Amino acid sequence: MDKPYNFIGRFLIPILFLALPFYSYSTHIVGGELTYVHNSDSTYTITLKLWRDCSGIALPGTVTIKVRKPDGSQYSPSKDFNINLTSSSILPQFVDTCVIKPNVCVQQGIYTKVVNNLPSGTGGYHMWFDVCCRNGSLNNIQNPLSTGASFYSHIPDLATIWNEDFTLPNNTTVDAGATAWTRSVQGGTVYAKVNNNLFEVSKTNGDVFWTSQLINISGRPGGVNLDVDLFNNGGAFGATDSIQAFYKLDGGALVPFPTNGVFVGSFAGIKQARAPGLVGNTVQIIVKMNNHNNSGLYRMDNVLVYDKTISNDSPTFVNFPPIFICNGNPLVFDHSATDTNGDSLVYSLYTPYTDAAPTFPGNVATFGSVVYNAGFGQTNPLGGAAGSLAISSTGIITGTPSLTGQFVVGVKVKEFRNGVLINELTRDFQFNVLNCPPPGKASFAPAKVCSGKALTFNNTSPAAMTLFSWTFGDPASGGSNTSTLRNPTHTFSAVGSYTVRLISNPNSACADTFSNIVTVSSVTAAYIAPAPSCVGKVVSFTDASTATGTTVTGWLWNFGDGTTSTLKNPTHTYAVSGTMSIKLVATNGFGCQDSVTHTVVIQALPVVAAGPNQTVCANNQAVTLAGSVVGAAGGSWSSPTLPVGNAGTFAPNNTTLNATYTPSATEIAAGTVTLTLASTGNGNCNAVTSTMTITIVPAPIVSAGGNKTVCANNASVAITGTVTNAGGGTWTGGGGTFFPNANTLTMTYTPSAAELAGPFPVTVPLTLTSTGNGTCNPVTSTMTITITAPPTISAGGNQTVCANNAVTTLAGTKNAVVTAVQWTSTGTGVFSAPTNP
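Residues numbered from 1 in each chain as written. Predicted model: local features only at pLDDT ≥ 70, side-chain atom pairs only at ≥ 80, totals over all residues. Heavy atoms only, no water.

A look at the overall build of the protein chain
Part 1 of the argument: If you tally the helices and strands in the protein chain, you get 2 helices and 66 strands.
Part 2 of the argument: Its C-alpha atoms give the protein chain a radius of gyration of 58 Å, more than 25% over the compact-globule value 28 Å for 837 residues.
Part 3 of the argument: Along the first, second and third principal axes, the C-alpha set of the protein chain runs to 205 × 95 × 45 Å.
Part 4 of the argument: By residue count, 46% of the 837 residues in the protein chain fall in the buried class.
Part 5 of the argument: The contacts of the protein chain with a sequence gap of at least 6 include a subset with a gap of at least 24, amounting to 67%.
Part 6 of the argument: In the protein chain, 35 side chains carry a positive charge and 35 a negative one; their mean positions are 3 Å apart. (Helix = DSSP H or I, 4+ residues; strand = E, 2+ residues; numbered from the N terminus. Rg over C-alpha atoms; globule rule 2.2 N^0.38 Å. Buried < 20%, exposed > 50% of the residue type's maximum accessible area, 1.4 Å probe, protein only. Contact = heavy atoms within 4.5 Å. Lys, Arg positive; Asp, Glu negative; His and termini not counted. Charge placed at Lys NZ, Arg CZ, Asp CG, Glu CD.)

Put into structure tokens, the structure is as follows:
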């Protein structure tokens, strides 16, 4: 029948006393533990709990607690102290009424004393109690009647930065390890090396210098302390033989340790050289030794750099293990400890110690251990396969015994502060494993419940069982800590693990006791409220929820705008502005929930409008801009389509929303330019932009044609004009008339009578103006008609000649316009001169 046991569990089920031969000669120590509380300064309250068989040797009236230095050496004067028996009691066995009770009884003795001679600055204290001997009835170790026990605890003191204790091979003269150092000699030969975990110097012909590495002490505003243990063998020393401890701070000069820094010749005992309160970045320790071939030996040990003392209370185990457990039935027992300093506790099974004196290699207390019989070991102290007994990270012991008998088990809890081991507490005890016939099967399942919520237990005991006694393990709940209901309901008083015991048919011959664990958990929802943001920006949310007894496993975010997320650390981009209420619901591994709500202000984006696109003519360069910005202090214009220097200009400037823009020659040639209006920043929102495009159409091209010269007697002039990029053109000017009309590019112009009347030459300017094209201003071109004087000619007056006068003189006249004349005749006579004078 597989059913778990927890705390006291089902300690004893109906058995036959004759099946318990291992109880017949139990006479000695059952187990123990040593704890302490730091009261103040050098004062501690020390408590030893010692357990023995009631029928064995009586508890001692006084016990001696041994205290040693970090290296295990004795204090002078001794710090060992005695404690008188403070109280004793018989531990309850929780034996069911239907069991024939075996002859087993466990007595607890408590020894408590306040000691005030454990000051700080020593490097801590090794503290233990040893006693002989164990029960001869133990089945899992050799020679139990001649094997004692030791119970150990460590009082930490120094936060060590650097420590060399010379636990190195003999003849070592240099160390390149974590605590590096060198040895140097000035003159002669020398015997200077590690010997039996000490640095030893003998018979030098010169000076020996032991020099540490540069030790980093930065970031310690309170300073550091230096210690070195100096001693000698009391042999012959000369008047100039000496051992001296120095330091260099930040590479400066050698400075002797102010306390016990220099010794000449021989001296008594161990001298602790000390240099306190050094503040800097680096420190280096140098020990100089010289004894000029004399028989004396100088030695040093425990070169220590530390910065402060540690106040600590040792962990304390909560429950005493069950005296009886059942063979073949699963065991679940809460062997956890509490720690008032909140340090991290790490649990393990260990091989119980003997009462042999410990050694201290590397300043670590090392005890002799019991020797297991074949088939038993540290993780299978009850027999069976290795690992058949285990302890979890929370101190829960589980396993299934496979043999009957009496077995010693060791549990160790190591105490860590900020990742550094500062103490370990040991306890060993005995399990009595019995053959347990099946009882009435009282049982209920382990449970998990959220803090503050009522838990209804599911009693799975057979229906025939009608009487029950529940103990919820929650004394802080007062009178509600017990119940006689079959399926009671209980609200636990605080977060934590509780051992709940159920006894079916209590106070009867068929009573059955069963225990299980109830874990009470909580969750606290928390997150870091984000800073105000802007529409369109990514807002990050960082979860800071915590849970006890388990972990946070679920997150439900409501971002206040109708959207949600189940990520632990989501991001969200808001599309609308406003004050958003963000709610986080956190869920832990037990299904417990908690919520928290914060708000975040989401600012609206600025609204920017650059205005509609525009079309302008190349000859009408100024463009009127009418931008608008809402939700920001203002804006600025830019022309990003061309490099700086090729863009046009803003008037009065580019930070005026209503401005004019004159395109550059490059932009006119390109035919288009894009202008961007960007809002200024407003704290939470980035700039917003809007663009508009200016299309630049070509200007009309107008040509009136070349100038012309005509004679006044030639009244009409043919003129031809051209217009490009416009619908046409119109002629103006002069006093004459255009034919067919002034809107025809190719036509004739007839000068007016005034223009033909002179005085000559007469100039008549005519202008061709392009028609409008909806965008461009009109363009003009001018040509000039020059009217010259008409020619005049006279052949002279008529003449009468006589027939006998055959020659007639002709004397014609002409004006300057006429360049040549020619006489012609219808007569038959001849001209005696050329016809064109």
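Focus: the sheet that holds strand E38 (residues 533–534)
Strand pairing in a sheet relies on backbone hydrogen bonds, with the paired strands running either antiparallel or parallel.
Part 1 of the argument: Read across the open sheet, the 5 strands follow the order E38-E46-E45-E42-E43; overall the sheet is mixed. Each edge of the sheet is formed by a strand with only one pairing partner; in this case those strands are E38 and strand E43 (564–565).
Part 2 of the argument: Direction of pairing for strand E42 (residues 552–558) relative to E43: antiparallel, over a ladder of 2 bridges. The residue bridging Asn-558 from the neighbouring strand is Thr-564, located in E43. (Pairing = 2+ DSSP bridges.)

Focus: the layout of surface pockets
Part 1 of the argument: Space inside the second largest pocket adds up to approximately 630 Å³.
Part 2 of the argument: Around the second largest pocket sit 25 residues that line it, and Thr-808, Leu-810, Trp-823, Phe-831 and Ser-832 are the ones nearest its centre.
Part 3 of the argument: Elements supplying a minimum of two residues to the lining of the second largest pocket: strand E65 (793–794) and strand E66 (813–814).
Part 4 of the argument: The residue makeup of the lining of the second largest pocket, split by class, is 13 nonpolar, 11 polar and 1 charged. (1 Å grid on protein atoms, 1.4 Å probe; cavity = no way out; pocket = protein on both sides within 12 Å on 5 of 7 lines; lining within 4 Å. Points joined across faces, edges and corners; volume = space filled by probe spheres on them. Nonpolar A, V, L, I, M, F, W, Y, C, P; charged D, E, K, R; others polar.)

Some thoughts on the pattern of salt bridges
Part 1 of the argument: On inspection of all chains with the given rule, the structure shows 9 salt bridges.
Part 2 of the argument: For Asp-343, the salt bridge goes to Arg-417, with nearest N and O atoms at 2.8 Å. Taken together, the residues span a long stretch of sequence, with Asp-343 in the loop between strand E24 (337–338) and strand E25 (344–350) and Arg-417 in strand E28 (residues 405–417) at a distance of 74 residues.
Part 3 of the argument: Its relative accessible area of 10% is what places Asp-343 among the buried residues.
Part 4 of the argument: Glu-424 is the salt-bridge partner of Lys-412, the closest N and O atoms lying 3.6 Å from each other. With a gap of 12 residues between them, Lys-412 in strand E28 and Glu-424 in strand E29 (residues 420–434) connect regions that are remote in the sequence.
Part 5 of the argument: A residue is classified by how much of its surface remains accessible, and Lys-412, at 13% relative accessible area, is buried.
Part 6 of the argument: Look at Glu-424 and you get buried, because its relative accessible area is 13%. (Salt bridge = Lys/Arg side-chain N within 4 Å of Asp/Glu carboxyl O.)

A closer look at the side chain of Thr-147
Part 1 of the argument: Positionally, Thr-147 belongs in the loop between strand E6 (125–131) and strand E7 (149–155).
Part 2 of the argument: Given the relative accessible area of 12%, Thr-147 is considered buried.
Part 3 of the argument: At 3.5 Å, the side chain of Thr-147 and the backbone oxygen of Gln-142 are in polar contact.
Part 4 of the argument: Once residues within four sequence positions are removed from consideration, Thr-147 is found in contact with Cys-133, Arg-134, Gln-142, Thr-354 and Val-370. (Polar contact = N/O pair within 3.5 Å; in protein donor to acceptor, adjacent residues only side chain to side chain.)

Focus on the state of the cysteines
Each disulfide is one covalent bond, formed between the sulfur atoms of two cysteines.
Part 1 of the argument: Scanning all chains against the criterion turns up 5 disulfides.
Part 2 of the argument: With a sulfur-sulfur separation of 1.4 Å, Cys-132 is cross-linked through a disulfide to Cys-133. (Disulfide = S-S within 2.5 Å.)

Focus on the nonpolar core
Part 1 of the argument: Of all hydrophobic cores here, the largest spans 33 residues; its most connected members are Phe-199, Trp-210, Leu-226 and Met-300.
Part 2 of the argument: At the level of elements, strand E10 (191–195), strand E11 (198–202), strand E12 (207–212), strand E14 (224–232), strand E15 (242–249), strand E18 (271–278), strand E19 (282–290) and strand E20 (297–309) are the ones that each hand at least two residues to this core.
Part 3 of the argument: Listed in part, the 26 residues of the second largest apolar core include Ala-337, Val-370, Leu-389 and Phe-407. (Core = buried A, V, L, I, M, F, W, Y, C linked by side-chain atoms within 4.5 Å.)

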